[in-house]
Every structure is written in C-alpha cells, then in structure tokens.
Amino acid sequence: MSQLVFDPSKVMDIDYTQRTEYLEGLEAIKAAHKVLKEITYAPSLPDKGYTNRTLYVNVGTHEITEKPVTQQMKDVFIGGRGFGLYHLWNAVKPTTRWNDPENEIVISPGPVAGITQYAGTGKSLVVSLSPQTDIPIDSNVGGFYGPLLKFSGFDALELQGKSDKDIILFIDGVKGIIRIEEAPTDPVDSHVLAEVLTHMYAENEKDLPNISVVSTGAAAEHSLIGMLNFSFYDRRRKCVRFKQAGRGGIGTVFRDKRIRALVVRGPKVAGDLNHPADPETIAKTGIKYHKEIRENDGTQCMMRRNGTAHIVEIMDAYDLLPVHNFQFGSHPDVHKIDSSYWQQRCTQHTVDGCWYGCSMACAKGADGLVLRTGPYKGHMVTVDGPEYENAAGLGSNCGVFDPDYLLELNFYCDTYGICTITYGTLTAFVMECYQRGILNKERTGGLEMTWGNAEADLEMMHQMARGEGFGKIAGLGVKKMKEHFIKNGWGDPQLINDIGMENKGLEYSQYMSKESLAQQGGYALTNKGPQHDEAWLIFMDMVNKQLPTFEDKAEALYYFPLFRTWFGLNGFCKLPWNDVVPADNASQPEPHKVPEHVQNYVDLFSATTGIKITKEDLILQSAKVYNFQRVFNIRMGKGLRLHDAAPYRSLGPVTKEEYESRAERYDQQIVTEMGLDPAGKTTEEKMALHREWRTGRFSKLMDSVYTRRGWTLDGVPTLERLKELGLDAFPEVVDVVKQHLS
C-alpha cells in the first residue's frame, strides 16, 4: 500500500469553535439540586503513584467512607483493573446479579496514571458485573476523571447500593468536600449534561479544565449495552469532549443505581503531582519517546493526523475489515470512509489528545456536524473521532458508507450512552437476519433494516433511547436477541447461532478473524469476552506476518493478554506501545513485542513507584490479576472451556455466498491444509470440510493455550499455578478452583 500524504489544502474549512450550546437553563437546574449528604475530608496528592486511599460511596444509604489501600493490594493487584477486581470480589457473592444493590462500579486509574511526561498516561479502568455477560467486565477509558480523582486523594472509587432518586456525586479535591446531591431536573444525554455540569461546578473559566464528568444517556436506561462517557475540557475548542468506557453495559449499571453523573473538581494539573520516586528517569524516557513520535509518525501510522481510523484501508486491503456482519473482509466503497477522507474531515488546525502530554494526540474531532435526525435535529455538534472501531462497526459492517451518517450514528451512540462497538455488531446481526428472512418489517415494527439503510439504523437507535419498539429488543444485545428469535421460531437456530457474533454474551469488536487463528483465540479465549484490547493479534498475524507457526500463535496468546493487561493495571493507553515504533524496531529480537517500548514501561513503573522491576516481573504482575479474574469468572458460573466457544462465523464461512466469494482461497486450503482434492465436490461439501478442519484447529489451539497458561484442559487455573503466582494466599480463590479439579 502507498503511504497517505497529508495535504493541508484538502482539509475542510470548518470553524471548530462553533456548536450548539446548552447553558441557558443552568441556573434553574442548579437551584433544583438538593444536598442529601455532605462530608469534608483532607485532600492529598499521591506519593510514588499511590494516595493509599479508596473512596467508598453507597448511593442507597449515602454512606461515604475511606478505606486504606494495603500493601497486599499494591503487591498483588497493582492498581487500575486489579484494584477494581479486588474490590468487586469483596463486594459480591456468587449469586449476585448485575442489578443487585451489592454490585459495584469501581473506577481506578493506576499508579503511573496522571504523569504528563509520557504519551498515553491518562487512562482509568472501570470494573463491574456486566448485564451482558454476568461476569466481571473491565473497560479502559481516557478523559480526565481518573487522574483528577487520584489528584483529589483517592486511588479508587467504589460505588455500591441503589438510590431511589437521581443523584450526582461531587468530589471537590481542592476544598476537600464530597457531596451527594439529588438532581431532579438535570438533562439526560451526555453532551448536554456534561456541558451543564462542567460549568455548574467550575468556579470560573480558568477552572473548567479542572472539572471532569462521568455520565451516560437515555439508552442506558432502556438497554443492557449502556456505556459511560468520561469528559475532558478541550481548551482550544472551548467545549466538553468525551472518551468512553464502552464495553459490557457499565452505563446500564450506572443508571440502574440512579446515578445521573459523577463530577470531580481536581487541582490544576502539573507535571509533578504524581510525586514519582525518580522524576529524572521519567522525563528522560518521555523526551526520547516524544522525539520518536515526531520523527516516525508521519511515515508510519499518522496517528496525529488520522487517529486510529488510519487502519480502515489496511484492514480492507488485507481482507480483514468486517463487512455485512463479518461475512466479507473488503468493500469497493471503503474509500468513502477511510483515512484519506477522515484526514480532510477531522479538524487539523488544533492539537488533540485526551490527557496532558500525549504527543500521539489521536483523539481526533470532527466539528461542525449538523444533525439530520432525532431530538437534536438541526443542532451543530462536535463528534469524537470516528475511531477505527466506529468506522468499521457503524460503517462497513452495516454497509453504511455515507460519512455524515456514520458521524451521526457515532454522535448519538455517545450522547445516548451506547457502546459503539456493541451497537455496530448487533445492528449488523439484525441486518443479516433481515437479509435472510429471519426478520421482516412486521417483526421490526416497520424498520427496513437493509444493508446501508442509515435512516432505519438511526431510528432503531432512537427507539432504543426511548425504550420502545424493536430498538428495545435490539438493546438486549446479540445473545438475548438470538434467544428471542429462536424462541419465536424465527429462522434456523444453527444459522442464527453461527452468525450472531458474541462470546460470553459480549459482541465481537471489529476485525474479521476467519483467516487469523491467533485472533480467533484473541477473541474467544479472553476473560471478559471478544474485545481486541486483551489480545489484538490480527495485525501481527496477518499484516506483519510475525506469527507464522501454530506454536507462535499459541505463545502469543499467553504473552500478549498478560502484556496488555499490564497497561490496565497502571493507567496506560495501549496505543503508544506499538502504533508508532522505533525506526530500527524491525531489526530487534522479537520485534512484535517492540522491546524498546517494553523497557520504557519497565523504567516508568520503577521510576514512579520506586520498586525496581524487570520485563519478566511485568508479565508476572499481570499474570496474578489475569488468573484472579479467570477464577472470578468461575466463581460467577462461567470461565470454563464451554464458555470460550466461538461462533462459527469467526472461524470460517457460514454461507454459500461467503464461500464462493473467496472460493479460490478456500479450495486451495482444502489442498494444502487438508490434503484433499476439492474437484467434483459441491460448495456444501467443501464448506463441511472447512467446518471440520477449522473447528478442530481451534480446539487444538485451546488445548495449547490452556496448557501454556497453566490451566487444565477445561480452562481452570491449577493449584500449582495459583501457588506460583502467590494467589494461594487467598483461601476463597483456592476454594473456587478446587471445586473444578478432579
């Protein structure tokens, strides 16, 4: 593929400061707030990355207390996702369901989060029991809330209980005040609510960047796929923008607890607030990396110009882009939504980024979009992105190649509190069911869900937000839609299960994995479900060809889920790890691991906490949390081999048209991989051969990966593995495992 060259003359001339404002009723909304509980506390800054306090809030009883962060918590769980899983384990029982009061939402940024000298250090991890999977879900998110929470004095926030009225939790990390307020008239949708609350709690204009809001929207109240928006104030655009904790329905839990929003007011951010043990090493490592970004990004991924959407055309070229519910891997209209278009459409006149000091700056913004549908029709808005997952999921996977409609879908997902990845995959499933007669206009309430029908797509989303019509059914997610369709006798159950792209109840993210055995495992053999952030192997497997053998793929499914887990323990974004790499990376040993960057992370952790670690220690830290999460899943009734099963569409061609569209490839595989002659066989016979070969290969992969991870062939961590990781110090963890060992 030829390298895209940036041409500033083609960038659309859009005034990025212009948008519809929503502050007219602010004073009346503020006057309606009623204080339900207020306490004072002593704000503090971290010492070597930790504040050593967790804030616990029960929104039902209004209990507000502090809990100590123990040395054992730091040694075993590190922070971020680890702290979230630890608190959640202690909060729930095996019988707890997502909508029980004891379920928690835990937000934790991790010890390194908040430094400003290295790219991608503003992440928070959100953990809860998922309405979609009934097991713990973790979702990483940018924006300012996590770092400002930490700089207000807390390593984590635990939210438990259920309120009987809509409330806002306000933490003033400058004055040392925590307040629960009743919020009876606040706006519902995020882009309005966050703008109002940011201005309500800021003391003046200079204070606006010190405010961050966590919120969701109308659809989270009527679906299982609600997500959370974490805000950050964009100084140049002078507006509130968002990053999303999207996966698993945490926004639905948020609204079930009747939380309207979380607001934090932190101190003004400076480079030394994390009080690291060795600031010189952090500064030196950051300077080296920033230089690398400046010198290499323009010839590698162009993240600063295009954001993550830069891989749309790469995935299309390698037949890996999801098209029409993962049936196909490319489409002739992809050029309408690839990075050559987004480079022109996204604002290039300002520096983007969702945390201070991120030189990668991939949080692109598309300004000046005038909405054509829904309750905000005619309003001018700024849309975050679109990121790759949104362009692929809302676009090609549903056959939507009109970029303005794609942006509008993206906008409404965000403001309604809908996970864009989940919505894209479930809508693609609905459209294929419509194509194959499983659904029709009568069953969808009049929605003509044909490929590319963006107006019907948007109407389904508006119905979801209103809690009515077929949109309410779609909001149950793919797993429950499959059950609903089969129960009603709509279509062949095997076909429905083959094409419904979910595992453990979570929808697939947006890569077509049929030809990548490594990515098949990267999706299905995950703890939380098929989300690429746990094992994004498709690029190194299919584009860079760095995993040529079966053994390479199995080993990658041991190493990379652990390596990527580590980002979530510490508050790192994963993108700066391998989206821009050192110029000599290809000549290094194990270039797919980007060894220089691995060393950067080792140095950053050691320099922040004062605890010297090696690259091997990094993997060990993750292995403790990863195996703990696996046992947590088993405790909640999942986490065994049968729960790692993949829908056949992720392994191979389900339908005749899929097979015949790539017949030359598939016929050749019958010769080279199976040692058979396809001549004279019908398409159905050849598809049957592929199904037997592909499912057998995937089963063999499961055996190899489980063994490498120190698990039984049923997917259960062995007692020896728990002891090796020090998890035998937790008797309850051992008890869960013993029940599944014979």
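See the structure above.
The model shown is predicted, which means the values in this text are computed figures rather than measured ones.

Rules behind the numbers
- Residues numbered from 1 in each chain as written.
- Predicted model: local features only at pLDDT ≥ 70, side-chain atom pairs only at ≥ 80, totals over all residues.
- Heavy atoms only, no water.
- Helix = DSSP H or I, 4+ residues; strand = E, 2+ residues; numbered from the N terminus.
- Rg over C-alpha atoms; globule rule 2.2 N^0.38 Å.
- Buried < 20%, exposed > 50% of the residue type's maximum accessible area, 1.4 Å probe, protein only.
- Contact = heavy atoms within 4.5 Å.
- Areas by Shrake-Rupley, 256 points an atom, 1.4 Å probe, with all protein chains shown as cover.
- Lys, Arg positive; Asp, Glu negative; His and termini not counted.
- Charge placed at Lys NZ, Arg CZ, Asp CG, Glu CD.
- Salt bridge = Lys/Arg side-chain N within 4 Å of Asp/Glu carboxyl O.
- Arc of directions from axis to C-beta.
- Pairing = 2+ DSSP bridges.
- Axes fitted to C-alpha atoms, helices over the stretch in contact; angles between N-to-C directions.
- Phe/Tyr/Trp six-rings, centres within 6.5 Å; stacked < 30°, edge-to-face > 60°.
- Lys NZ or Arg CZ within 6 Å of the ring centre and 35° of its normal.
- 1 Å grid on protein atoms, 1.4 Å probe; cavity = no way out; pocket = protein on both sides within 12 Å on 5 of 7 lines; lining within 4 Å.
- Points joined across faces, edges and corners; volume = space filled by probe spheres on them.
- Nonpolar A, V, L, I, M, F, W, Y, C, P; charged D, E, K, R; others polar.
- Patch = residues over 30% accessible without salt bridge, like charges linked within 9 Å, V, L, I, M, F, W, Y side chains within 5 Å.
- Core = buried A, V, L, I, M, F, W, Y, C linked by side-chain atoms within 4.5 Å.

**Re the overall build of the chain**
Okay, so step 1: Within the chain one finds 28 helices and 17 strands.
Okay, so step 2: Radius of gyration (C-alpha) of the chain: 24 Å, near the 27 Å computed for a compact globule of 742 residues.
Okay, so step 3: With the C-alpha coordinates aligned to their principal axes, the bounding extent of the chain is approximately 80 × 60 × 55 Å.
Okay, so step 4: A buried classification covers 66% of the 742 residues belonging to the chain.
Okay, so step 5: In the chain, of all internal contacts separated by at least 6 residues, the share reaching a separation of at least 24 is 72%.
Okay, so step 6: Approximately 24,900 Å² of the chain is accessible, and the part contributed by carbon and sulfur atoms is 51%.
Okay, so step 7: Here the chain holds 82 positive side-chain charges and 96 negative ones, and the gap between their average locations is 2 Å.

**Some details on the side chain of K638**
Okay, so step 1: Within the secondary structure, K638 is located in the loop between α23 (615–635) and α24 (656–661).
Okay, so step 2: Among buried Asp, Glu, Lys and Arg side chains, K638 stands out as unpaired, with D134 the closest opposite charge at 4.7 Å.

**Let's talk about unusual backbone geometry**
Okay, so step 1: The residue H324 is not glycine, and still its phi comes out positive at about 55 degrees.
Okay, so step 2: Take H324: it is sitting in the loop between α9 (312–317) and α10 (339–345).
Okay, so step 3: We classify H324 as buried; its relative accessible area is 15%.
Okay, so step 4: Phi at K504 takes a positive value of approximately 65 degrees, unusual for a residue other than glycine.
Okay, so step 5: Inspection of the secondary structure assignment puts K504 in the loop between β16 (502–503) and β17 (506–507).

**So, helix α28 (residues 731–738)**
Okay, so step 1: The complete set of buried residues in α28 reads V733, V734, V736 and V737. Along the axis of α28, the buried residues cluster in a sector spanning 160 degrees; they form a single face.
Okay, so step 2: Where the residues of α28 are buried, they touch α3 (81–91), α23 and α27 (719–725).

**Topic: the sheet that holds strand β4 (residues 105–108)**
Okay, so step 1: Pairing is mixed in the open sheet, where six strands are placed in the order β3-β2-β7-β4-β5-β6. Either end of the sheet is taken by a strand with one partner, and the two such strands are β3 (64–68) and β6 (136–141). For this sheet, the mean angle separating the axes of adjacent strands, direction not counted, is 20 degrees.
Okay, so step 2: Here five bridges tie strand β2 (residues 53–58) to strand β7 (residues 156–160), and the two strands are oriented parallel to one another. Within the sheet, the bridge partner assigned to V57 lies in β7 and is L159.
Okay, so step 3: The strands that α3 touches are β2, β4, β5 (124–129), β6 and β7; relative to β5, the one it contacts most, it runs at about 25 degrees.

**Details of the packing of aromatic side chains**
Okay, so step 1: For the structure on display, the rule yields 42 aromatic pairs.
Okay, so step 2: Ring centres of W566 and F572 lie 5.7 Å apart, and the angle between their planes is 20 degrees; on these two criteria the pair is classed as stacked.
Okay, so step 3: Assessed through its relative accessible area of 2%, F572 is described here as buried.
Okay, so step 4: Grouping aromatic residues by their ring pairs yields a cluster made of Y118, Y289, Y559, F560, F563, W566, F567, F572, W577, Y601 and F605.
Okay, so step 5: A cation over an aromatic ring shows up here: R53 above the ring of F154, its NZ or CZ 5.0 Å from the ring centre.

**Structural notes on empty space enclosed by the protein**
Okay, so step 1: According to the stated counting rule, one finds six cavities of 30 Å³ or more in the structure shown.
Okay, so step 2: Approximately 920 Å³ is the volume attributed to the largest cavity.
Okay, so step 3: Residue lining of the largest cavity: 48 residues in total, with K123, N140, E387, H532 and L575 positioned closest to the centre.
Okay, so step 4: Looking at the lining of the largest cavity, the elements that each hand over two or more residues are β6, β12 (239–245), α11 (388–395), α13 (420–435) and α21 (575–578).
Okay, so step 5: Here the lining of the largest cavity is composed, by residue class, of 20 nonpolar, 16 polar and twelve charged.
Okay, so step 6: Lining of the second largest cavity is provided by 17 residues; of these, H191, V240, F242, T382 and F411 occupy positions nearest its centre.
Okay, so step 7: Of all elements in the fold, only α5 (190–201), β12, β15 (380–384) and α12 (403–416) reach the threshold of two or more residues within the lining of the second largest cavity.
Okay, so step 8: If one sorts the elements of the lining of the second largest cavity by residue count, β15 sits on top with five residues.
Okay, so step 9: When grouped by side-chain class, the residues that make up the lining of the second largest cavity number eight nonpolar, four polar and five charged.

**Points about the layout of surface pockets**
Okay, so step 1: Each pocket or cavity is described by its volume, and for the largest pocket that value is around 830 Å³.
Okay, so step 2: Here the lining of the largest pocket gets three residues from one element, more than from any other, and that element is helix α19 (residues 538–543).
Okay, so step 3: Counted by class, the lining of the largest pocket contains 18 nonpolar, twelve polar and two charged residues.
Okay, so step 4: If you add up the space inside the second largest pocket, you get close to 570 Å³.
Okay, so step 5: R236, V351, D352, G353 and A361 are the residues nearest the centre of the second largest pocket, which is lined by 27 residues in total.
Okay, so step 6: The set of elements that each furnish at least two residues to the lining of the second largest pocket consists of β11 (228–234), α7 (279–296) and α8 (303–306).
Okay, so step 7: Tallying contributions element by element places β11 first for the lining of the second largest pocket, with three residues.
Okay, so step 8: Split into classes, the residues belonging to the lining of the second largest pocket amount to eleven nonpolar, six polar and ten charged.

**A word on the environment of V263**
Okay, so step 1: Mapped onto the fold, V263 is located in strand β13 (residues 259–265).
Okay, so step 2: What makes V263 buried here is its relative accessible area of 0%.
Okay, so step 3: Excluding anything up to four places from it in sequence, V263 contacts Y145, I168, L169, F170, I171, L197, Y201, I211, S212 and V213.

**Observations concerning a positive patch on the surface**
Okay, so step 1: A cluster of basic residues, K206, R235, R236 and K268, forms a positive patch on the protein surface.
Okay, so step 2: A relative accessible area of 47% means that R236 is categorised as partly exposed.

**Details of the pairing of β15**
Okay, so step 1: By the criterion of burial, β15 is predominantly enclosed, with four of the five residues buried.
Okay, so step 2: Where strand β14 (residues 365–370) lies against β15, four bridges are found, and the strand directions are antiparallel. Each bridged residue has a counterpart across the sheet, and for G365 the counterpart in β15 is D384.

**Focus: the pattern of salt bridges**
Okay, so step 1: The full count for this structure, using the stated rule, is 59 salt bridges.
Okay, so step 2: Between R53 and E66 there is a salt bridge, and its shortest N-O distance comes to 3.0 Å. Taken together, the positions of R53 in strand β2 and E66 in strand β3 put the pair 13 residues apart, joining distant regions of the chain.
Okay, so step 3: Note on R53: relative accessible area 13%, which makes it buried.
Okay, so step 4: Of the charged contacts in the structure, one is a salt bridge between R436 and E657, with a shortest N-O distance of 3.0 Å.

**Regarding the nonpolar core**
Okay, so step 1: With 186 residues, the main nonpolar core has F485 and Y601 as its most contacted residues.
Okay, so step 2: At twelve residues, helix α20 (residues 550–570) tops the list of elements feeding residues into this core.
Okay, so step 3: Beyond its immediate sequence surroundings of up to four residues, F485 is in contact with F429, C433, I438, L439, F470, W490 and I496.
Okay, so step 4: Counting residues in hydrophobic clusters, the runner-up holds 42 residues, among them V59, I107, I137 and F151.

What is shown is where atoms sit, not what they do.
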